[in-house]
Structures are given as structure tokens and as C-alpha cells.
Amino acid sequence: MRPPRPGPRSALFSVVAVTVTTGSLLIAPHPAGADPKPPVREGSALSSGAARTPASVTRRALTAPVADLADTAGSSRGYPREQILAPDPENPADKSLKLGLTPYHAIAPKLNALQRLGDRVSVEIAGRSAGGHRLYLVTVTAPESARQARAQARMRELIESAPRSAARSPEIRKTYKAPVFFNNNIHGNEWEGTDASLQLIERLAKATDAGTKDLLAHSRLYFNITANPDGRIAGTRANAAGFDMNRDFVTASQPEVRAMRRIQIDKQPAVMLDLHGYVNGTLIEPTTPPHGENYEYDLFLKNTYANALRMESAVNGLGHTPAKDGVEPVQIPFRDSAEGWDDWPPIFTPQYAAFHGTVAAHTVEIPLQVNNAAYESLPVGELRRRSAINVDVAGAALRATLDFVREKRTSLIADQIEVFRRGAEAAAQVPVSEKTVPGVPGIGPEDVYTTEFPRAYVVPAGGGQRSATAAARLVDHLLANDVRVTRATRAFRLDGRSYAKGSYLVDMRQPKRGMANVLLADGRDISDKVSVMYDISGWSLGRLWGATVVAADRGRPSAVPARPVTSAARVGHVAPRGDLRLRLDSPQEIAALNSLLADGVSVRRAADGSALVPSSARRRAEVLARSYDVVFEAAKGLKGLKGTPLRPVRVAAAVTAGELFALREMGFDVVPVSTAILNAGFDWSRADVLFVSSGLSYGALNPSARTALTGFLAGHGLVGRGAAGAALASATGRLQATAVQGNGDANGVVRVVNSGGAVTGGAPDHSFVYAPVWFTGLGDGVTVEQTYGTGNPLVSGHWRPSEDGSGGPAAAAGRPSVISGPNAVLFGTEPLFRAHPKGELPQVGRALLTVWR
């Protein structure tokens, strides 16, 4: 669910917008609209369920494989691809049951039955969830021989890799099957898309009418039955790891997201729907400004708006009314709202899909709320009435989309080809206007977002071991997102700069240039473009992942002696003799260190924050170098060689789900805590350090909990993040400083200046903020580890002053963003945000190691 923040887009639609919004609050007999509050900020504490998540879930999420679902021109498989699925144990606690919907354990038997209905339905396992549940991908299409399937694969490859030839191909126009992707239940407690899809699959499997036969002869329909089985079972928005996966597509930290990414790359859908809930009336994308500047928005808007009208007609045509059912008419944000429901960040499924050639992509929010408070408070009969209507609404949206695809197949494929052609030929983007996108009313200058693509990006080699691990991780991430990367076989010059052999090159003349640019570019400061954003506004991997990335605006990348790569070159290495040094500049290096400490290796911390490993641990270091792809350098000549002893750190953490995941990714032993857990009596012998960012209030602790906490901190370390961490440090007297909160809606990539000490030494010169904090009034013994950049520190994102003029980026400029004192470190930035800014994670790792003495 993405609750709207409606406002009149134009005079033509202002009355409609106000009427819909007001009506959603006046429904009889039971209010069924969306929660009118804005979405929950990322600073929210762990839910009780997420707090009980074992470390094994994080390990599974990090390592769970994803199936290769690609059909290649050399493949020998046709359709259908049937298999008998082993049933899951019956689970009477599945939250779907109360709503009269399909519980997860009933899906496998249902899919077995659907496959038996004929020769149109295939089932594949796309992967497993963080909780270990199977992810089912169903394909519905007319039967294909192996030869026909190879022909489809060859045409799909031609569309992406040789779009100019594809545009001229009569075979593609006549016989290529339009790929369509229906994604269901990515938010686990937004259930009904799954049931609507199962009903539609059954209908398509049995239908004998000419329209269905024509549709399946010219389309492949892909259904991700439930993208979040963990949440479906538990009745939670997040998966078992506590992640909102509709925020994870830039990072792909979760296996479910990696599976969806693989589906979109391998199947290359031209059209997709992502079924959500609950907004009354049903809300159907396209969205309000700002619009993603890196994809071909003219083609996206043209098709997404046209299909939105189809779905609107179908949903309203069901005959549900406010008076009879409590169901309001459909809303299309682009038409009906001014801002607050944007498609700027590539973290949402439909926006991410656009970078893989999807030209009609929709979030669809079905109308009647059945989750959260409604699930607990409403009678079962009312919940089932609502869920049945929601299934009908989702089904109408699905069926309307199929009609749209059947009618517009040729033009949809032509537009997908044009997306790839523009990338491959470095063609200019087309700004939207009523002339360039005819048939879409109300286009104004507020909708025009384009960007200038560089000629290439270079990830240089030869920058020392400090960035080698980060560069390899970044390159592998680009490749996983289907960005084409080459590696120089000789030294070269490009755009006036020299680069060493082994440097990586991203030539921006490639079909998915938008994907490359959205990941690597700095992004844009859009603070003056809109007054409010729905979610994050900046995410540059080039700035946040710790690798050096250089944009080249001129030159001939094609002339660089280079070879395509399918994976980054391994950098793991151990110096052949003497004591070793492990720089702690990446999450992998922190994880390798924690593994050494867990094995009882005597490791010491150097003055610059790196780890000194004795030569006696060389064999163990060799194993870790291979496992984590990290470098153990020779420690010879390092100042402060004796160092300070390091010990394993057990972390008591009052944090968000993303922070818990990041801590465990770095190999820390973490036990979640909260105000309630401490008030119930917590055994502090289980922890060495306390990390607080959310969910722990000193003022809300009972006397015995306060006494126990104060006693613990008297001899142990504290790391805090944001206002909650700073408040606890102040209340317990750990650091003398005043935390100043910036605009709570601010977020983005910011310039920072690092002191080079044990906490921020080696850290990138950019960081991420989300409701930023800075520090004033520093007392004796407080050290500034990092400051915000001078001038306007915001590089990309959305950060305005508050209404009274305070809290803006100018107020933060030059102010301390990270401070430390004896056994305490406070962060005003978000170095662990959603486990995303990989180059920032080690700052927290170093802080935890530093305060535990």
C-alpha cells in the first residue's frame, strides 16, 4: 500500500480528486479506505515478529539461489513445462484463511490441479523466500514445440541486442508472443492479487473461445503467484527478514527480489501489473511527478495511461458503489492528483521494470482494507465480503490488461524495441508533451524529466586494495541487473584521463542504458521540483558503495581494448609472508574480521581502524579471502603496529529491520532489544555493546530497566543513530552534545568530510540521510568523526527546510554528522539504511569494534 497524498492536478480534475478523497472517509456501513496517514518512516522499530527473526534468515537471504529462467536460442525446452509439486504441511495459522483466501499451503495442490486441466499451464520454481518458501512462476500460453520456443527466444534476444533489425522483422510483428508479467502479493498482507491470478489462470486454462485462443497464441503470460509467501502466511507487509521488498529493487538484498529481477530480465515483459492494496477507490498508475528521468517516459506514459483507462473502465464496470459496497470510483494519480505518488525512485517493481523494457507498468491498489487494524477488529463476515470484492477488482484489472495486450500487441512490442534502440544508439530522450504523447490529457512542464547520459562510466583499476573489493561488488551488481560491462585488456585513455589495465568500462551505448545510469549517476537534487516525495529520492551506487566511478562525457569506448565480462575478477588475496593487515572498508571485510574473532584469532586494531592479523592465522585468512573476496595485505611498516586488542562483539540492538540485516551481513552477533524487552527484564550479560536507532526510549523505561541499562553502559559501549540514539546518549550521560533534527521528510545522497579516524577512516566522501541529524554544543572529550559538506551538502534527493525555515541543508552544512567520545559513537546519517549504502556499512562496524574495549 502507498497511501496517496492527493491534491488537484489541474482545474479539470480538482473536483474529482476532492470528491474521491472525501468519499473514502464517509463510507457506510464500514469505513474501508486507506489509512490517511503518510507511510511509516524508515525509523520505525522492529516489529515483534521481526525482532524474533534468527540470524539464519539473514544468511539464507544473502545466499539463497535464484533459478535461471532464461529461454535461449539454444534451449531445447518447449511449453508446457509441467511438474508435480510436493505439498506443504497444512498451516491453520495462515492469515489468509480468515479472509476466505487461498493459504500458502493450498497453492501447490492448486497449481498441480491447474496443470492437469490441459496443455496451457506451466509451473517453475523461481527461487525461495528468506523464510525458505518456494516462489512459484506460472506461465500460461499456447503450447510450443522446442523449435517454436527457440524461435521465441531468438526473437526476444534480437529485440534487446539488435533492436534496429528487430524493428524491421516481419517475423517479430507476426509471431512474437508479447510477454506479460503479473506480480502478486509483494506486500504479504495485501493478499487478493494471488487469488485473482489463480482464478484467471483457471479460466484461461479451460476457455475455448476464439479470443482466449488468439491471446495465448500471441502472448506469454507470467504469474508470480505470491512474491512474499512469508508475509502472506504471517499477515505482514514484510518478508521473514523484515524487508518491505517493494523498496529493495536497487539493492536486491532479498532473495524474493532477486527472483523478480531474474523474471524481468529473462522474460522481458512488455506489460506488467503489481497488485497491492488498499486505496479506496482503486488506485491505478501512472503516477504524479516527479517521473524517473532515466527511462523513456514518453513510451511509458503513453501505454501505462492507456491501459489505466482500460482498467478503470473494467473496475468501475463491476457496479460497486459507495452506497452499496463502500467502494469508490477508480483514481489515476497522473490525472487526479498533483503530487505525492511519484515514480522517481527505481525501488518499486513497476519503476524497476521500466528499465528492462516494460512500456506499460502499473501499481494497482485494490480498494477495501482488510489488513492491520481492520484484520483484527472487523467481523470475519465483513472481512470476507471485502476480500471477495477485492478479488473481483483485481481480476477486472487483470482481464482488462489482457484485452489491452491482445489489441495492442504489435505497438507494445514496437515500443519495447524503441526503448532498446534508443539505448543502443545513444538516441535522445523524448520529452513528454501533448504532441509527443497524444491522448494523455493534462501533460505540463511539471511532468518533463530527462537526463544527459555520459558516453561511458569507468570503474578504475589500480586504485589500491582499498577499493578493489568494493569495485568487484559493484561490477557484479551491475551485471546482475543486466548492465553490459567490459574489462580493459590494456591501459587506455578516455575523455582526457588514463586508466590501468583491468579497469571496468560501461559503454552507455547499450540497450539498458537507463539501468546503468540510474545505478551509477549522482542523481539530481529535486527539492525545488515538488513539495513532497513518497519515498527516497537519491541512491547513487557510485557514491554510496565505496567504489570509484568516473563518468566520461566524451571519447570512443568502443576503441578501448576490452573484453565483455560475466563476473568481476576475484580480488581475494593474502600476502605471502609476515603479519597481515585487513582494511575494514567494506561489509565483507568486517564480516571476515568477525569470523576471525569468532575463531579466537588474536587480532589487533591499528590507529587507522584497520585490523592487524598475526601470520599464524594465514591459513584461516586464505579461506576468508576466498569466501569474502577480500585482501589481506602485508602489515610491514604500518604505524602503530602493536595496535589495540579486538574482541568479538555481541550487539544488543534497538534498530530497524534494514539495520538488523546489515549488522548480521557484517557478521555481528545481534540480539534485538526494545523498550518493552528491557522493561520485561533483559539479561545484559548477553551483550557487549548497545546500538540504538529506534524503538528504545529511556523515558519509557521502568525504574529497574533504567538501572540495569545505566549499569550496563557504565562499563560497555554505546553506538547511536539519529534522534533516538542521540536522546539515549544524552539521557544516560554518554556524550555531551545537542542533536539537531533536520526536516523529517528529507532524504538523499550528501557530501561529507571524514576525519580519517578509527570510525570513518577510508569511508566514502558521500553518505546517505533520511530525516538527517547534526550535532552542536559538543562537550569536552567529544571528537568530530565526520561533518556535512559546506554550502549545500545535498547531491541528489529531496531536502527542503521546514515551514519555519529551519532544518534545511544550509543549516546542516559544515556541522558534525558523526561524533564520538569515550565508549560512544553517534551518527546523524543513515549508514545502514535498508542495508543499501554498502560503502557506509563499515562505519557502524568500526564504531561497534571501537567502543567495545
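Residues numbered from 1 in each chain as written. Predicted model: local features only at pLDDT ≥ 70, side-chain atom pairs only at ≥ 80, totals over all residues. Heavy atoms only, no water.

1. A look at empty space enclosed by the protein
In step 1: Here the structure, examined in full by the defined rule, presents nine cavities of 30 Å³ or more.
In step 2: What lines the largest cavity is simply Asn294, Tyr295, Glu296, Ala354, Phe355, Val419, Gly423, Pro511, Lys512, Arg513, Gly514 and Met515.
In step 3: Listed by contribution, the elements that provide at least two residues to the lining of the largest cavity are helix H17 (380–424) and helix H19 (513–520).
In step 4: The greatest single-element share of the lining of the largest cavity, amounting to three residues, is contributed by H19.
In step 5: Tallied by class, the residues present in the lining of the largest cavity amount to six nonpolar, three polar and three charged.
In step 6: In this structure, the second largest cavity encloses a volume near 70 Å³.
In step 7: What lines the second largest cavity is Asp71, Gln152, Arg156, Tyr176, Lys177, Pro179, Arg220, Tyr222, Asp266 and Lys267.
In step 8: Those elements that provide at least two residues to the lining of the second largest cavity are helix H5 (146–161), strand S4 (219–224) and helix H11 (255–267).
In step 9: Looking at the lining of the second largest cavity residue by residue, the classes come out as three nonpolar, one polar and six charged. (1 Å grid on protein atoms, 1.4 Å probe; cavity = no way out; pocket = protein on both sides within 12 Å on 5 of 7 lines; lining within 4 Å. Points joined across faces, edges and corners; volume = space filled by probe spheres on them. Helix = DSSP H or I, 4+ residues; strand = E, 2+ residues; numbered from the N terminus. Nonpolar A, V, L, I, M, F, W, Y, C, P; charged D, E, K, R; others polar.)

2. Focus: the environment of Leu520
In step 1: Of note, Leu520 is situated in helix H19.
In step 2: It is 9.5 Å that separates the C-alpha atoms of Leu520 and Leu474, two residues lying 46 residues apart in sequence.
In step 3: When sequence neighbours within four positions are dropped, the list of residues in contact with Leu520 reads Tyr457, Leu474, Leu478, Val506, Ser540, Gly542 and Val549. (Contact = heavy atoms within 4.5 Å.)

3. Observations regarding the packing of aromatic side chains
In step 1: A complete count under the given rule lists 21 aromatic pairs for this structure.
In step 2: Ring geometry for Trp191 against Tyr375: centres 5.8 Å apart, planes inclined by 25 degrees, an arrangement best described as stacked. Taken together, the residues span a long stretch of sequence, with Trp191 in the loop between strand S3 (178–184) and helix H8 (192–206) and Tyr375 in helix H16 (residues 372–377) at a distance of 184 residues. Each member of the pair, Trp191 as well as Tyr375, carries the same accessibility label: buried.
In step 3: Seen from their ring centres, Phe243 and Phe661 are 5.1 Å apart, and the 75 degrees between their planes marks the pair as edge-to-face. Of this pair, Phe243 sits in the loop between helix H10 (229–234) and H11 while Phe661 sits in helix H23 (residues 657–665); the two residues are 418 residues apart in sequence, bridging distant segments of the chain. Considered together, Phe243 and Phe661 belong to a single accessibility category, that of buried residues.
In step 4: Its end group placed over the ring of Trp852, Arg647 keeps NZ or CZ at 4.0 Å from the ring centre. (Phe/Tyr/Trp six-rings, centres within 6.5 Å; stacked < 30°, edge-to-face > 60°. Buried < 20%, exposed > 50% of the residue type's maximum accessible area, 1.4 Å probe, protein only. Lys NZ or Arg CZ within 6 Å of the ring centre and 35° of its normal.)

4. Observations concerning the packing of helix H12 (residues 297–316) against H17
In step 1: Two elements in contact, H12 and H17, have axes separated by 8 Å at closest approach and are oriented at 165 degrees. Our classification of the angle between H12 and H17 gives roughly antiparallel. Here H12 and H17 pass one another in a crossing that is right-handed.
In step 2: Class assignment for the residues of the contact of H12 with H17 results in twelve nonpolar, three polar and nine charged. (Axes fitted to C-alpha atoms, helices over the stretch in contact; angles between N-to-C directions. Parallel < 35°, antiparallel > 145°, perpendicular 65-115°, else oblique. Left-handed = near helix turned anticlockwise from the far one by under 90°.)

5. Remarks on H11
In step 1: When the terminal C-alpha atoms of H11 are compared, their 18 Å separation across 13 residues agrees well with the 18 Å that a helix rising 1.5 Å per residue should span.
In step 2: Taking burial as the measure, the 13 residues of H11 include twelve buried ones, the bulk of the element.
In step 3: Of the positions making up H11, those classed as buried are Pro255, Glu256, Val257, Arg258, Ala259, Met260, Arg261, Ile263, Gln264, Ile265, Asp266 and Lys267.
In step 4: Looking at the residues trailing H11, positive phi occurs at Gln268, about 55 degrees. (Expected span 1.5 Å × (residues − 1).)

6. Observations regarding the packing of helix H3 (residues 55–63) against H23
In step 1: Taken N-terminus to C-terminus, the directions of H3 and H23 make an angle of 80 degrees; their axes are 10 Å apart at the nearest point. It follows from the interaxial angle that H3 and H23 lie roughly perpendicular. On H23, the residues touching Ala55, Thr58, Ala61 and Leu62 of H3 are Phe661, Arg664 and Glu665.

7. Notes on the sheet that holds strand S20 (residues 611–613)
In step 1: Pairing is mixed in the open sheet, where six strands are placed in the order S17-S21-S18-S20-S19-S22. One side of each edge strand has no neighbouring strand; the edge strands of this open sheet are strand S17 (573–574) and strand S22 (644–645).
In step 2: Sheet topology places strand S18 (residues 580–582) next to strand S21 (residues 631–634); two bridges connect them, and they run antiparallel. Each bridged residue has a counterpart across the sheet, and for Leu580 the counterpart in S21 is Ala634.
In step 3: Contacts from helix H21 (residues 587–598) reach S18, S20 and S21 within the one sheet, and its direction differs from that of S18 by about 130 degrees. (Pairing = 2+ DSSP bridges.)

8. A word on the side chain of Thr288
In step 1: Here Thr288 is to be found in strand S7 (residues 288–291).
In step 2: On the accessibility criterion, Thr288 (0% relative accessible area) is buried.
In step 3: In this structure Thr288 touches Pro333, Phe334, Ser337, Ala338, Glu339, Gly340, Trp341, Asp342 and Asp343, once residues within four positions along its chain are discounted.

9. Focus on the pattern of salt bridges
In step 1: Following the criterion strictly, the structure yields 51 salt bridges and no others.
In step 2: Note that Lys177 and Glu144 form a salt bridge whose closest N and O atoms lie 2.8 Å from each other. Placement of the pair is Lys177 in the loop between helix H7 (170–175) and S3 and Glu144 in the loop between strand S2 (134–140) and H5, with a sequence separation of 33 residues. The burial state of Lys177 is the same as that of Glu144; both residues are buried.
In step 3: For Arg220, the salt bridge is made with Glu144, and the minimal N-O distance between the two is 2.7 Å. Within this pair, whereas Arg220 is found in strand S4, its partner Glu144 is found in the loop between S2 and H5, the two being separated by 76 residues in sequence.
In step 4: When its relative accessible area of 6% is taken as the criterion, Glu144 is described as buried.
In step 5: A network of salt bridges, in which partner residues are shared, links Asp71, Arg77, Arg81, Glu124, Glu144, Lys177, Arg220 and Lys267. (Salt bridge = Lys/Arg side-chain N within 4 Å of Asp/Glu carboxyl O.)

10. Some words on the layout of surface pockets
In step 1: Put simply, the second largest pocket is a space of about 1,400 Å³.
In step 2: Of all the secondary structure elements, the ones that give two or more residues to the lining of the second largest pocket are H3, H11, helix H18 (465–480), H21, helix H22 (618–628), H23 and strand S24 (669–672).
In step 3: If one sorts the elements of the lining of the second largest pocket by residue count, H18 sits on top with seven residues.
In step 4: Across the lining of the second largest pocket, the residue classes break down as 19 nonpolar, twelve polar and 13 charged.

11. A look at the confidence of the model for the protein
In step 1: Looking at the protein as a whole, the pLDDT averages 93, with 94% of positions reaching at least 70.
In step 2: Long-range and interchain partners of residues 2–40, a stretch whose pLDDT sits below 50, account for 80 contacts in this model, where long-range means more than four residues apart. (pLDDT = per-residue confidence, 0-100.)

12. Examining H17
In step 1: A rise of 1.5 Å per residue sets the reference length of H17, with its 45 residues, at 66 Å; its end C-alpha atoms lie only 55 Å apart and thus fall more than 12% short of the reference.
In step 2: Bending of H17 peaks at approximately 80 degrees at the position of Lys408.
In step 3: Two residues or fewer past H17, Ala426 is found with a positive phi of approximately 55 degrees. (Bend = angle between axes of the 7 residues up to and from the residue.)

13. Some thoughts on the nonpolar core
In step 1: Formed by 207 residues in total, the largest nonpolar core has its most connected members in Leu111, Phe223, Phe632, Leu663 and Phe668.
In step 2: Sorting elements by how many residues they give to this core places H17 first, with 17 residues.
In step 3: Aside from chain neighbours lying at most four places away, what touches Leu663 is Ala653, Phe668, Val670, Phe691, Leu832, Val844 and Leu848.
In step 4: Counting residues in each nonpolar core, the second largest holds 29 residues, with Ala705, Ala726, Ala737 and Val782 among its members. (Core = buried A, V, L, I, M, F, W, Y, C linked by side-chain atoms within 4.5 Å.)

14. Overview of the sheet that holds strand S14 (residues 504–507)
Sheet strands pair via backbone hydrogen bonds, and the direction of the pair is either parallel or antiparallel.
In step 1: Read across the open sheet, the five strands follow the order S15-S10-S14-S11-S16; overall the sheet is antiparallel. At either end of the open sheet lies a strand with only one pairing partner, and these are strand S15 (550–552) and strand S16 (562–564). With strand direction ignored, the average angle separating the axes of adjacent strands in the sheet is 30 degrees.
In step 2: Relative to S14, strand S10 (residues 456–459) runs antiparallel, the two sharing four bridges. Paired with Val459 across the strands is Tyr504, a residue of S14.

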